[in-house]
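If you want the building blocks of each chain, they are given just below.
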Amino acid sequence: MSDSPLSSRTVLVTGATSGIGYETARQLAERGATVLVHGRTAEEAQAATARLVATAGVQSAQLHPYGADFSHLDEVEALARAVVSARPHLDVLVNNAGMAAPERHTVTADGNEIAFQVNFLAHYLLTCLLEPALTSDPSGRVVNVSSALHRTASIQWSDPNRSRSYSRLAAYAQSQLALTVFAADPRVTAVSVHPGVCDTTLLLLYAHEGSSPAEGAAHVVRVCDPAVEIVNGAYYDRDVRVEPAPAATEDRTVKRLNKLADLLVGRSA
């Protein structure tokens, strides 16, 4: 375990209490990484770390639980502050937390369509706030767990909340496209990974059966490894680098998305 390139790394995994996030945390910890385990509440994160210690044979000293509900941006800010004060040097941020868009159009207390906020805006804000910790070492990187559905999406620039015409699939796909575009932001080295269609709570969006969350997580863990060279902004379908949707590589779109996201999360440029 100690000779793994991951053994000296500190990784924050969002949405690490179930599905691909939980399996990603497990595989990283088994390979010796220190894992910051994020859950929607501190209790959920604590329960996930206890489960990892009990079932994966991981040392409890390697795991640190954090709670933050991504439908509240002030909780994202508090999470970032807590992480930076405890970990001024962070090697990898895995932006994995996600939700299926609800049947009915739902807006958060921050005024954003909920899937756009939880799946993208919260990760945008978290990444921006953790940038000093992530760039303290040149090998710091961000891994966005995206979806092949981003190819079906368009970002509704004039109505990102989709209040005029809402479809849960379109709202989810828009959030995944935004996350994929965001990986091309030059501030922090980042990639997007589509982990395959996995048997998680999001499966109903795709199909009736999928591969196991552990298989999906292996593709995420691979690009967390400093021994694996990555290209900033690259998109991987499982472990193969492929071209993302054209919008994801356009400088103009990246800049426009950053401007929109700054506005929606209340950051002044």
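Residues numbered from 1 in each chain as written. Predicted model: local features only at pLDDT ≥ 70, side-chain atom pairs only at ≥ 80, totals over all residues. Heavy atoms only, no water.

(A) Here's a closer look at the overall build of the protein. Helix and strand content of the protein: seven helices and eight strands. Over its C-alpha trace the protein gives a radius of gyration of 17 Å, about what one expects of a compact globule, namely 18 Å for 269 residues. Over its C-alpha atoms, taken along the principal directions, the protein stretches across nearly 50 × 40 × 35 Å. Sequence separation of at least 24 residues holds for 74% of the intrachain contacts in the protein that already meet a minimum separation of 6. (Helix = DSSP H or I, 4+ residues; strand = E, 2+ residues; numbered from the N terminus. Rg over C-alpha atoms; globule rule 2.2 N^0.38 Å. Contact = heavy atoms within 4.5 Å.)

(B) The arrangement of the side chain of Thr 180 in detail. Summarising the element assignment, Thr 180 is placed in helix H5 (residues 168-182). Thr 180 has contacts with Ser 146, His 150, Ser 192, Tyr 235, Pro 244 and Ala 248, leaving out every residue within four places of it along the chain.

(C) Inspection of the sheet that holds strand S6 (residues 190-194) at higher detail. Read from one edge of the open sheet, eight strands run S3-S2-S1-S4-S5-S6-S7-S8, paired in mixed fashion. Looking along the sheet, the strands with just one partner apiece sit at the ends: strand S3 (63-67) and strand S8 (240-242). Each adjacent strand pair in this sheet contributes to an overall mean axis angle of 25 degrees, direction not counted. Against the sheet, helix H4 (residues 114-134) engages strand S1 (10-13), strand S4 (92-95) and strand S5 (141-145), with an angle of about 175 degrees to S4. Where helix H6 (residues 213-224) meets the sheet, it contacts S4, S5, S6 and strand S7 (235-237), and its direction lies at approximately 165 degrees from that of S5. (Pairing = 2+ DSSP bridges. Axes fitted to C-alpha atoms, helices over the stretch in contact; angles between N-to-C directions.)

(D) Looking closely at H6. Its twelve residues place the ends of H6 17 Å apart at the C-alpha level, agreeing with the 16 Å of an ideal helix rising 1.5 Å per residue. Inspection of H6 places Pro 213, Gly 216, Ala 217, His 219, Val 220, Val 221, Val 223 and Cys 224 among the buried residues, and these make up the whole buried set. Contacts from the buried residues of H6 go to helix H1 (19-30), S4, S5, S6 and S7. (Expected span 1.5 Å × (residues − 1). Buried < 20%, exposed > 50% of the residue type's maximum accessible area, 1.4 Å probe, protein only.)

(E) Inspection of the environment of Ala 50 at higher detail. By secondary structure assignment, the location of Ala 50 is in helix H2 (residues 42-56). For the pair formed by Ala 50 and Leu 63, sequence separation is 13 residues and the distance between their alpha carbons is 9.1 Å.

(F) How the structure looks around the packing of H4 against H5. It is the contact of H4 with H5, at a shortest axis distance of 7 Å, that shows an interaxial angle of 20 degrees. With respect to H5, the axis of H4 lies roughly parallel. Crossing geometry of H4 relative to H5 is assigned as left-handed. Residue-level contacts link Ala 115, Phe 116, Asn 119, Phe 120, His 123, Tyr 124 and Thr 127 of H4 to Tyr 172, Gln 174, Ser 175, Gln 176, Ala 178, Leu 179 and Phe 182 of H5. (Parallel < 35°, antiparallel > 145°, perpendicular 65-115°, else oblique. Left-handed = near helix turned anticlockwise from the far one by under 90°.)

(G) Looking closely at the nonpolar core. In terms of nonpolar packing, the biggest core is built from 46 residues, with Leu 12, Phe 70, Val 83, Leu 90, Phe 120, Leu 126 and Leu 130 touching the most fellow members. Only helix H3 (73-86), H4, H5 and helix H7 (251-265) provide two or more residues apiece to this core. Looking at this core, the element that brings in the most residues is H4, giving 13 residues. Dropping the residues within four chain positions of it, Leu 12 is found in contact with Leu 36, His 38, Val 83, Leu 90, Val 92, Leu 93, Val 94, Leu 126 and Leu 130. Within the second largest apolar cluster, 32 residues are counted, among which are Leu 6, Ile 20, Val 143 and Val 193. (Core = buried A, V, L, I, M, F, W, Y, C linked by side-chain atoms within 4.5 Å.)

(H) Focus on the pattern of salt bridges. Under the definition given, this model contains nine salt bridges. Between Arg 187 and Asp 185 there is a salt bridge; the shortest N-O distance is 2.7 Å. A relative accessible area of 4% places Asp 185 in the buried class. When the shortest N-O distance is used, the salt bridge between Asp 262 and Arg 267 registers 3.8 Å. Judged by its relative accessible area of 30%, Arg 267 is partly exposed. Residues joined in a network through salt bridges with shared partners are Glu 23, Arg 26 and Glu 30. (Salt bridge = Lys/Arg side-chain N within 4 Å of Asp/Glu carboxyl O.)

(I) Region of interest: the side chain of His 219. Relative to the helices and strands, His 219 is located in helix H6. Residue His 219 is classed as buried on the basis of its relative accessible area of 18%. Those residues within four positions of His 219 in sequence are excluded, and the remaining contacts are Val 193, Pro 195, Arg 238 and Asp 239.

(J) Broad picture of the environment of Thr 55. Along the chain, the position of Thr 55 falls in helix H2. Sequence separation between Thr 55 and Arg 26 is 29 residues, and the spatial gap between their C-alpha atoms is 9.6 Å. Among the polar contacts listed, one links the side chain of Thr 55 to the backbone oxygen of Arg 51, at a separation of 2.7 Å. (Polar contact = N/O pair within 3.5 Å; in protein donor to acceptor, adjacent residues only side chain to side chain.)

(K) Broad picture of a negative patch on the surface. Taken together, the side chains of Asp 74, Glu 75, Glu 77 and Asp 110 define an acidic patch exposed on the protein surface. Along the polypeptide, Asp 74 turns up in helix H3. Take Asp 74: its relative accessible area is 51%, and that puts it in the exposed class. (Patch = residues over 30% accessible without salt bridge, like charges linked within 9 Å, V, L, I, M, F, W, Y side chains within 5 Å. Areas by Shrake-Rupley, 256 points an atom, 1.4 Å probe, with all protein chains shown as cover. Lys, Arg positive; Asp, Glu negative; His and termini not counted. Charge placed at Lys NZ, Arg CZ, Asp CG, Glu CD.)

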